[in-house]
Amino acid sequence: MPSRYPGAMTQDWEPVVIHKSKPKAQERDPKAVNQALRTGAPVQTLKKAEAGSNKKAAPVVNARKLDEAAEPAALDRVSTEVKQAIQKARLGKKMSQADLAKQINERPQVVQEYENGKAVPTQAVLAKMEKVLGVKLRGKIGK
């Protein structure tokens, strides 16, 4: 059978060592610097900006005022009429919160938040609850 590689192939097992050259600014000898300081000769020192400090940039003084002006202070939560309607309809159909959550494809925690009045109502979730429970809920938001 003929060989794949024509001619004799040899491997080079000699190690190759690559050295990086040191940066010019780092080549100062500490002994020479100390000697220059003792004799009073001028020594150039550079302080890096913000070196050694763990400080963050100070925020703008009026940043909180801007945030408060741009965003509403509190979001509307589920009203008492809506949460009572959900509870009555769910109990009327003899369903648990977990059963209702399965039927509307949401987590049980979502149903619990709606019934406790802690959730921010969304039209999609309320529409799913209306279909499953057979009760009108969306006309009662925020009233």
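In the block above lies the structure referred to throughout.
Peer 1: Would you mind showing me how to read the packing of helix α5 (residues 108–116) against helix α6 (residues 123–133) here?
Peer 2: The packing of two helices is summarised by the inter-axis angle and the distance between the axes. The interhelical angle for the contact between α5 and α6, taken along N-to-C directions, is 90°, at an axis separation of 12 Å. In this view, α5 runs roughly perpendicular relative to α6, as classed from their interaxial angle. For the pair α5 and α6, contact is made by V110, V111 and Y114 and by V125, L126 and M129, respectively. When its residues are assigned to classes, the contact of α5 with α6 shows six nonpolar, no polar and no charged.

Peer 1: Mind showing me how you'd approach the packing of helix α3 (residues 80–92) against α5 here?
Peer 2: Orientation of α3 relative to α5, taken along the N-to-C sense of each, is 120°, at an axis distance of 7 Å. With respect to α5, the element α3 is oriented oblique. Where α3 approaches α5, its residues K83, I86, Q87 and R90 are matched on the opposing element by Y114, E115 and N116. When the residues that make up the contact of α3 with α5 are grouped by side-chain class, the tally is two nonpolar, two polar and three charged.

Peer 1: Looking at this model, I keep getting lost on the pattern of salt bridges. Mind explaining?
Peer 2: Where charged atoms from two side chains of opposite charge come close, those side chains can pair. One pass over the structure, following the stated rule, counts three salt bridges. Between R90 and E115 there is a salt bridge, with the nearest N and O atoms lying 2.5 Å from each other. You can see R90 sitting in helix α3 and its partner E115 sitting in helix α5, a full 25 residues away along the chain. Across this residue pair, the class does not change: R90 and E115 are buried.

Peer 1: Please explain the environment of R107 as it appears in this structure.
Peer 2: Along the chain, R107 turns up in the loop between α4 (97–103) and α5. Take R107: its relative accessible area is 51%, and that puts it in the exposed class. For R107 and Q97, which are 10 residues apart along the polypeptide, the C-alpha to C-alpha distance reads 9.4 Å. A distance of 3.1 Å separates a polar atom in the side chain of R107 from a polar atom in the side chain of Q109.

Peer 1: Is there a simple way to explain α5 in this structure?
Peer 2: Within an α-helix, residues lying three or four positions from one another point in the same direction, as the helix has 3.6 residues per turn. Listed in full, the buried residues belonging to α5 are V110, V111, Y114 and E115. Considered in projection along α5, the buried side chains sweep an arc of 130° and stay on one side of the axis. Buried residues along α5 sit in contact with α3, α4 and α6. One or two positions beyond α5, positive phi appears at G117, with a value near 80°.

Thresholds applied
- Here the residue numbering is sequential within each chain, running from 1 through the sequence in written order.
- Restriction of local features to residues with pLDDT of at least 70 applies here, the model being predicted, together with a cutoff of 80 or more for giving and counting side-chain atom pairs; totals for whole chains, interfaces and linings are based on all residues.
- The side-chain figures draw on all heavy atoms in the structure; neither hydrogens nor water molecules are used.
- Lines fitted to C-alpha atoms define the axes here, with helix axes fitted over just the stretch in contact, and angles between the N-to-C directions of these axes take values from 0 to 180 degrees.
- Runs of E in the DSSP output that reach at least two residues are strands. Runs of H or I that reach at least four are helices, and both are numbered from the N terminus.
- Oblique is the label for any angle not covered by the other classes, which are roughly parallel (under 35 degrees), roughly antiparallel (over 145) and roughly perpendicular (65 to 115).
- Only heavy atoms enter the contact rule, under which two residues are in contact if any of them lie within 4.5 Å.
- Residues are grouped as follows: Ala, Val, Leu, Ile, Met, Phe, Trp, Tyr, Cys and Pro are nonpolar; Asp, Glu, Lys and Arg are charged; every other residue, Gly included, is polar.
- Salt-bridge detection follows one rule: a side-chain nitrogen of Lys or Arg within 4 Å of a carboxyl oxygen of Asp or Glu.
- Exposure categories follow from relative accessible area, calculated using a 1.4 Å probe and restricted to protein chains: below 20% of the type maximum is buried, above 50% is exposed, and the middle band is partly exposed.
- As used in this structure description, the phrase polar contact means that two N or O atoms lie within 3.5 Å; if the pair is within protein, one of them must be able to donate a hydrogen and the other to accept it, and residues adjacent in sequence are counted only when both atoms belong to side chains.
- Each direction from the helix axis to a C-beta atom contributes to the arc, which is the arc of those directions.

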